[in-house]
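Now for the letters of each chain:
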4 protein chains.
Amino acid sequence: MPASKRSGRTERIPVAVLGVTGSVGQRFVQLLENHPWFRLHEAVASERSAGKKYGEAADWRLGTLMPRAAASLTVKDLGADLESRLVFSGLDSSVAGEAEDLYANRGCVVVSNSHNHRMDDDVPLLIPELNAEHVDAVEKQQKRRGSRGYIVTNPNCSTVGLAMAIAPVERLYGIDQIHVTTMQAISGAGYAGVASYAILDNVIPFISGEEEKIESEPRKILGRWTNGKFENAPFRISAQTNRVPTIDGHLMTISLSLRKRDENFLEKVRQAIENFSGEPQRLGLPSAPKRALHYIEDKDRPQPRLDRDRERGMSVSTNG
Amino acid sequence: MPASKRSGRTERIPVAVLGVTGSVGQRFVQLLENHPWFRLHEAVASERSAGKKYGEAADWRLGTLMPRAAASLTVKDLGADLESRLVFSGLDSSVAGEAEDLYANRGCVVVSNSHNHRMDDDVPLLIPELNAEHVDAVEKQQKRRGSRGYIVTNPNCSTVGLAMAIAPVERLYGIDQIHVTTMQAISGAGYAGVASYAILDNVIPFISGEEEKIESEPRKILGRWTNGKFENAPFRISAQTNRVPTIDGHLMTISLSLRKRDENFLEKVRQAIENFSGEPQRLGLPSAPKRALHYIEDKDRPQPRLDRDRERGMSVSTNG
Amino acid sequence: MPASKRSGRTERIPVAVLGVTGSVGQRFVQLLENHPWFRLHEAVASERSAGKKYGEAADWRLGTLMPRAAASLTVKDLGADLESRLVFSGLDSSVAGEAEDLYANRGCVVVSNSHNHRMDDDVPLLIPELNAEHVDAVEKQQKRRGSRGYIVTNPNCSTVGLAMAIAPVERLYGIDQIHVTTMQAISGAGYAGVASYAILDNVIPFISGEEEKIESEPRKILGRWTNGKFENAPFRISAQTNRVPTIDGHLMTISLSLRKRDENFLEKVRQAIENFSGEPQRLGLPSAPKRALHYIEDKDRPQPRLDRDRERGMSVSTNG
Amino acid sequence: MPASKRSGRTERIPVAVLGVTGSVGQRFVQLLENHPWFRLHEAVASERSAGKKYGEAADWRLGTLMPRAAASLTVKDLGADLESRLVFSGLDSSVAGEAEDLYANRGCVVVSNSHNHRMDDDVPLLIPELNAEHVDAVEKQQKRRGSRGYIVTNPNCSTVGLAMAIAPVERLYGIDQIHVTTMQAISGAGYAGVASYAILDNVIPFISGEEEKIESEPRKILGRWTNGKFENAPFRISAQTNRVPTIDGHLMTISLSLRKRDENFLEKVRQAIENFSGEPQRLGLPSAPKRALHYIEDKDRPQPRLDRDRERGMSVSTNG
């Protein structure tokens, strides 16, 4: 299926990015540069940016240079008809709900980073390493929409770390109750999300809406799509979220009560973490980390600054 | 009893400080300056400093100036005979155990910040706001020593925050299980305890020995001295400790399961926190905070930088 | 003249604060609470806040609580007639120029923290410790306006530190050339002025408009008001400004070439710094620091965190 | 000459590292791993580590894993006879002076990062991009020693940035006077060099011995080896050094007075920076950056966090 396997770069799949000037949108643009399968074909943003060249419309904040091909694209207005069928959405949640529905109803495949549709009854909330089979829900969604279009979503950034870390334990022993405390980096709030005057020499023990996401999303992700509906995993989660003065890398402490345990369960969990592999690894997808889960021996690890860049930032490091 | 009530400053009680050059020792020296009841009479440290003037022996690290009277004291060797009966110990744990026993056996009242004797069978582990009555254990200790001397201890710095915060809840409803995650400031490790290269833009999820202290000390503190022995409070504690890049002020998230609850229990706990008062407040002790516990409305509080100096740093701020 | 000397608090002078919801305006409100001479009588802000109670209109960011009397004031629209003759302006520079002229022309005494009128031909730019006699320019200003009203200004925050530090040297020996590099705290940019993502683990070697201010303002301040005009001090200044990750306290390195020097000039400069006293000290003004200039022995001082709170933050610490 | 050009990895040149357990020594070990020309053959350290395996003796602090081959080397005692002729020295300055002389006198080529011999009359102080021809001094040094061995040194880390940045200007116009203020990262002080309690929310305006190095070393580097001696470049340097809370990357402001100037001199300097190339670039040395000097347009650059990793940290970024 990937274009690159057929006849090289010229046939890469054209994609659109919604909310292309924002921090998530910029990340999509960055990741699409040199992607073997996809190429950025359409840049979409709110009225304020529409009609401008992307190079002028975006206040580029990432460490790498803005891709030249992107800079010369003319930004389209949110709601405009698109030529791309595949659409990545980095829209702000204030507009994502409606706009993503609009494009899905028109036949687009919308891959969204926004939280609006994550908990919808027929929308997959995907961590491909864990629940690739949830894409089966798409068929029901397409029927509802009367369209070949649909939405799939990815979770809150802290949810990813939590769900990945507990998945091997849930599978081996079953989890009854989870207490999690996060220490989240400022990058999670976007470029201007946290004022330095608020966070220097400080910790802020509150992130708006974050605890609700962390307490609900992992249950959907580790649950099952069965008989035409999602069945949540049975564990309960109690989350407390904090913003700490780190640039990148969310750290969390997780305390689990198991449904059962046996001898050497710590050792078995550890082996499960080290042997963990998911669908993206089996398919050899081009952006997938080699290993999505790592176990680090040292009792003072993982540390955000030392472990955040493992596997280009796409892996979860654990210790316990 | 306080000297100051009898006839003014000249009769303040003479005291000695053990480990007087270290960071805890320096803090004792600072707090004793201008104290209405006590005056620093003897400065005691290891062989390396003994014989020198305190002004030369100590590498003074505190924000205020070194008290002049202290600077001119000649440092005595640890183990030397002391004229003071009251002794404050800021000794490193590598030597505190033996040295504190030595002085208690010789008849001194040793008030220790070290962890060595905290869990001893007949040594009070005091937060005066919570368990002043534990001093009754001293009588048994004196018998064991065959001396009028004894040791009393204060807890680990994170234990204080945890024990104070949960005490009103324990008294109202009884606590079954506690999950606590700390985010501790670098000051807790002493001046040179944490290298900046280790902690800048980082969190270190391990503090040696800290979890053990936090999991045991509150149970003794909130327990009872009865029938000649300490009976621990019945709750269990699971602690995870982290070092974060803040200068001062330990923050922690606490998750409690209660033995019972009733309507409006959150409101009742809150009132209990706001009405909380302990023995130091009743006695009007000169160093005691007016209120040792505060409840802060805003959901993004307490924050270390904004709340650590409340009541000269001697109070615990909560929200929940 | 001070009200408090006549008959107590009830007759304190009523004052207005322009731009009362911003960070400078909030600081005015804070400093006016319990001021012995002044009381906040009118709160003035832009249309967006006008008509609301100050307690609702302001997103209070300071460490102390919002003064109750201020909270209940109804915010007046910028441009509205005022009852107070004395007006403190914390307006943003986008509106300060016109609005301050307006009130001065109507007869108000406008004390401004904005830069718009600082370099005007007949507007004093005051550091009362250094150039109190520049208020003589007010007479000419009143004539121009045909009003008893006028504007006086205070300098850029970094200018204050530089001008104070070099004043004793300029007076003793005359300065030819100044090279100054600033390392400025984030507080100088206002609450949301610097994103944490920009400044954590970083230094930003640019502050918009800052070098121009630092290169010009000290020359006016240390110059003279003579024959009806300001004559700049003759030295030249080359400034490079940097934002560093500190909360409060601007540090700067200053390199001076002197017009002359003599034996022991370092010692003489130092004595001049230690003996420095200005008009506010002579008058014993209620907000004035006891000593506006300090010389610190240790070669690794001043340091922002250790020295910024000296004299309630209103003094300059030097070493050299 | 390079082994790799002859017949592959097995014949790489064996080298020794002195002070191999320290932070500079660890960096040598890291850079030697997979080096095409050199292989770590001998690990040398003080008595305390001698006889142990390197894997046990070193408290490895770098982000990458300790190279396996290094871990299994037995550490030799400083002073022991070595099989390698090429020796890299990361010794502490307390022992470097004598030990480096010792090995040079025995016939070794000692490449030193320590400051002890930098200013010696016949020891090159090299930035290969700038003064590769200073190696001619080695001949005189060999005569003095009566040995084929010799010492070459590299400069203080801040000197490198300063010398590189000013070299194109010195060559084009000649420099009369330099004022430089550094804002140096904590990494420059070694792993435990700066306590977090000292530097968090702070700047320390003093680094022991640093100003002296920065004021002298660039004059030797940009000078000439002529008639059997070093002739310093004629400019004067006034340096003020500061430690700021950044992890890596030294930033400095530089103010220059030129001996002459012409039209468009800023543009010409800029072109010289962009066209700059040195001996390592001409030779295509395996560790050399492609471009050792960069000019960045944006007026708020360079910034330590954004620009420090350019060319694997081996380039200097400028703006002016």
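Reading the values: rules and limits
Residues numbered from 1 in each chain as written. Chains lettered and ligands numbered in written order. Predicted model: local features only at pLDDT ≥ 70, side-chain atom pairs only at ≥ 80, totals over all residues. Heavy atoms only, no water. Pairing = 2+ DSSP bridges. Helix = DSSP H or I, 4+ residues; strand = E, 2+ residues; numbered from the N terminus. Axes fitted to C-alpha atoms, helices over the stretch in contact; angles between N-to-C directions. Parallel < 35°, antiparallel > 145°, perpendicular 65-115°, else oblique. Left-handed = near helix turned anticlockwise from the far one by under 90°. Contact = heavy atoms within 4.5 Å. Nonpolar A, V, L, I, M, F, W, Y, C, P; charged D, E, K, R; others polar. Least-squares fit on C-alpha atoms with pLDDT ≥ 70 in both. Phe/Tyr/Trp six-rings, centres within 6.5 Å; stacked < 30°, edge-to-face > 60°. Buried < 20%, exposed > 50% of the residue type's maximum accessible area, 1.4 Å probe, protein only. Expected span 1.5 Å × (residues − 1). Buried area = accessible area lost by both parts, 1.4 Å probe. Salt bridge = Lys/Arg side-chain N within 4 Å of Asp/Glu carboxyl O. Polar contact = N/O pair within 3.5 Å; in protein donor to acceptor, adjacent residues only side chain to side chain. pLDDT = per-residue confidence, 0-100. Right-handed = clockwise from strand over helix to strand, strands pointing away.

**Remarks on the sheet that holds strand β2 (residues 38-45) of chain D**
All names here are of chain D.
And then number 1: Pairing is parallel in the open sheet, where six strands are placed in the order β3-β2-β1-β4-β5-β6. Each edge of the sheet is formed by a strand with only one pairing partner; in this case those strands are β3 (76-77) and β6 (150-153).
And then number 2: In the sheet, β2 pairs with β3 via two bridges, with the strands oriented parallel. Counted as the bridge partner of Val44 is Lys76 from β3.

**Describing the packing of helix α8 (residues 157-173) of chain C against helix α10 (residues 210-221) of chain C**
Residues and elements named next belong to chain C.
And then number 1: One way to put it is that α8 packs onto α10 with a least axis distance of 9 Å and a crossing angle of 45 degrees. By the criterion of interaxial angle, the relationship of α8 to α10 is oblique. When the axes of α8 and α10 are compared, the crossing they make is right-handed. On α10, the residues that touch Ser158, Thr159 and Leu162 of α8 are Glu210, Lys213, Ile214, Glu217, Pro218 and Ile221.
And then number 2: Of the residues that constitute the contact of α8 with α10, the class distribution is four nonpolar, two polar and three charged.

**Re the relation of the copies chain D and chain B**
And then number 1: Superposition record for chain D on chain B: RMSD 0.0 Å, screw rotation 180 degrees, translation along axis 0.0 Å. The superposition operator between the copies reduces to a two-fold rotation axis. Proximity to the rotation axis, assessed at the C-alpha, singles out D:Ser196 in chain D; its C-alpha lies 1.9 Å from the axis.
And then number 2: Here 100% of the interface residues in chain D have copies in chain B that are interface residues too; the copies meet face to matching face.

**Observations regarding the sheet that holds strand β11 (residues 251-258) of chain C**
All names here are of chain C.
And then number 1: Reading across the sheet, the three strands line up as β10-β7-β11 and stay open at both edges, with mixed pairing between neighbours. A single partner strand is all that each edge strand has here, and the edge strands are β10 (236-243) and β11. Each strand axis lies, on average, 10 degrees off the axis of its neighbour in the sheet, ignoring direction.
And then number 2: Relative to β10, strand β7 (residues 175-184) runs parallel, the two being bridged by eight bridges.

**Concerning the packing of aromatic side chains**
And then number 1: Counting across every chain of the model gives 26 aromatic pairs over all chains.
And then number 2: Seen in terms of ring centroids, A:Tyr191 and C:Tyr197 are 5.9 Å apart; in terms of plane orientation they differ by 70 degrees. Their pairing is edge-to-face. Highlighted residues: A:Tyr191 in the loop between β7 (175-184) and α9 (196-199) and C:Tyr197 in helix α9 (residues 196-199), drawn from two different chains.
And then number 3: Among the residues examined, C:Tyr197 registers a relative accessible area of 19% and is labelled buried.

**Some words on the relation of the copies chain B and chain A**
And then number 1: Take chain B, turn it by 180 degrees, move it 0.0 Å along the axis, and it overlays chain A with an RMSD of 0.0 Å.
And then number 2: A high fraction, 100%, of the interface residues of chain B reappear at the interface in chain A, so the copies pair face to face through one surface.

**Digging into the environment of B:Pro280**
All names here are of chain B.
And then number 1: Structurally, the position occupied by Pro280 is in helix α12 (residues 279-283).
And then number 2: Judged by relative accessible area, Pro280 falls into the buried class, the value being 4%.
And then number 3: In this structure, the C-alpha to C-alpha distance between Pro280 and Pro128, residues 152 residues apart in sequence, is 6.4 Å.
And then number 4: Ignoring anything within four residues of it in the chain, the contact list for Pro280 reads Pro128, Glu129, Leu285 and Ala288.

**Some points on unusual backbone geometry**
And then number 1: Residue A:Pro302 is reached from A:Arg301 by a cis peptide bond, and omega for that bond is 0 degrees.
And then number 2: Within the element layout of this structure, A:Pro302 appears in the loop between β12 (293-295) and α13 (304-307).
And then number 3: Even without being a glycine, A:Arg312 presents a positive backbone phi close to 50 degrees.
And then number 4: Mapped onto the secondary structure, A:Arg312 falls in the loop between α13 and β13 (316-318).
And then number 5: Looking at A:Arg312, the relative accessible area reads 57%, which means it is exposed.
And then number 6: The phi dihedral of B:Asp201 is positive, around 55 degrees, even though this residue is not glycine.
And then number 7: Summarising the element assignment, B:Asp201 is placed in the loop between α9 (196-199) and α10 (210-221).

**Section: helix α5 (residues 93-105) of chain C**
Residue and element names in this part refer to chain C.
And then number 1: Counted at 1.5 Å a residue, the expected span for α5 with its 13 residues is 18 Å, and the 18 Å between its end C-alpha atoms agrees.
And then number 2: Burial in α5 covers these residues: Ala96, Gly97, Ala99, Glu100, Tyr103 and Ala104.
And then number 3: Trailing α5 by a residue or two, Gly107 shows a phi angle of about 110 degrees, which is positive.

**A short note on the interface of chain D and chain B**
And then number 1: Counting from both sides, the interface comprises 15 residues of chain D and, opposite them, 15 residues of chain B.
And then number 2: Summed over both partners, the interface of chain D with chain B comes to about 1400 Å²; 72% of that surface belongs to carbon and sulfur atoms.
And then number 3: In terms of surface lost to chain B, no three residues of chain D exceed D:Tyr191, D:Tyr197 and D:Leu200, which account for 46% of the buried area on that side.
And then number 4: One can count zero salt bridges joining chain D with chain B.
And then number 5: Between chain D and chain B we count two residue pairs in polar contact (both at pLDDT 80 or more) in total.
And then number 6: Split into classes, the residues belonging to the side of chain D that touches chain B amount to eleven nonpolar, three polar and one charged.

**Considerations on the interface of chain B and chain A**
And then number 1: Taken together, the contact between chain B and chain A spans 33 residues of the former and 33 residues of the latter.
And then number 2: Buried area between chain B and chain A, summed over both chains or domains, comes out near 2700 Å², and the portion from carbon and sulfur atoms is 55%.
And then number 3: Here chain B is connected to chain A by two salt bridges.
And then number 4: On inspection of chain B and its partner chain A, the count reaches 17 residue pairs in polar contact (both at pLDDT 80 or more).
And then number 5: Contributing elements (two or more residues each) for the side of chain B that touches chain A: β7 (175-184), α9, β10 (236-243), β11 (251-258) and α13 (304-307) of chain B.
And then number 6: Looking at the side of chain B that touches chain A, the element that brings in the most residues is β11(B), giving four residues.
And then number 7: By residue class, the composition of the side of chain B that touches chain A is 16 nonpolar, ten polar and seven charged.

**Details of the pairing of strand β7 (residues 175-184) of chain D**
For a regular strand, side-chain orientation follows a simple rule: the groups alternate between the two sheet faces.
All names here are of chain D.
And then number 1: Counting buried residues in β7 gives nine out of ten residues, a clear majority hidden from the surface.
And then number 2: Relative to strand β11 (residues 251-258), β7 runs antiparallel, the two being bridged by eight bridges. Each residue of the ladder has a partner; that of Val180, found in β11, is Ile254.

**Things to note about the environment of D:Glu42**
Residue and element names in this part refer to chain D.
And then number 1: Relative to the helices and strands, Glu42 is located in strand β2.
And then number 2: Given the relative accessible area of 1%, Glu42 is considered buried.
And then number 3: As a C-alpha pair, Glu42 and Val75 span 33 residues in sequence and 7.4 Å in three-dimensional space.
And then number 4: Leave out the neighbours within four places in its chain, and Glu42 touches Val15, Ala16, Val17, Lys76, Asp81, Leu82, Glu83 and Ser84.

**Focus: the confidence of the model for chain A**
All names here are of chain A.
And then number 1: For chain A, the mean per-residue pLDDT works out to 94, and 97% of the residues sit at or above 70.
And then number 2: Predicted confidence is poor over residues 1-9, with pLDDT under 50, and the contacts of this stretch with residues over four places away or in other chains come to twelve contacts.
And then number 3: Per the prediction output, this complex has pTM 0.92; the corresponding ipTM is 0.92.

**A closer look at the pattern of salt bridges**
All names here are of chain A.
And then number 1: One pass over the structure, following the stated rule, counts 64 salt bridges over all chains.
And then number 2: Its salt-bridge partner being Arg224, residue Glu231 comes within 3.0 Å of it at the nearest N-O pair.
And then number 3: One salt bridge connects Arg310 with Asp307, and the closest N-O pair in it is separated by 3.0 Å.
And then number 4: Owing to a relative accessible area of 27%, Arg310 belongs among the partly exposed residues under this scheme.

**Some words on the environment of B:Ser72**
Residue and element names in this part refer to chain B.
And then number 1: By the secondary structure assignment, Ser72 is in the loop between α4 (68-71) and β3 (76-77).
And then number 2: Exposure remark for Ser72: the relative accessible area of 45% places this residue in the partly exposed category.
And then number 3: Separated by 19 residues in the primary sequence, Ser72 and Lys53 place their C-alpha atoms 5.7 Å from one another.
And then number 4: Here the side chain of Ser72 touches Ala69 through a polar contact of 3.1 Å, landing on its backbone oxygen.

**Comments concerning the pairing of strand β4 (residues 86-89) of chain A**
Residue and element names in this part refer to chain A.
And then number 1: Burial of β4 is two-sided: the residues Leu86 and Phe88 facing one way and the residues Val87 and Ser89 facing the other way are all buried.
And then number 2: Direction of pairing for strand β1 (residues 13-18) relative to β4: parallel, over a ladder of four bridges. Bridge pairing links Ala16 to Val87 in β4.
And then number 3: Pairing analysis gives four bridges linking β4 to strand β5 (residues 109-112), with the strands arranged parallel. Bridged to Phe88 within β5 is Val111.
And then number 4: In terms of handedness, the path from β4 via helix α5 (residues 93-105) over to β5 forms a crossover that is right-handed.

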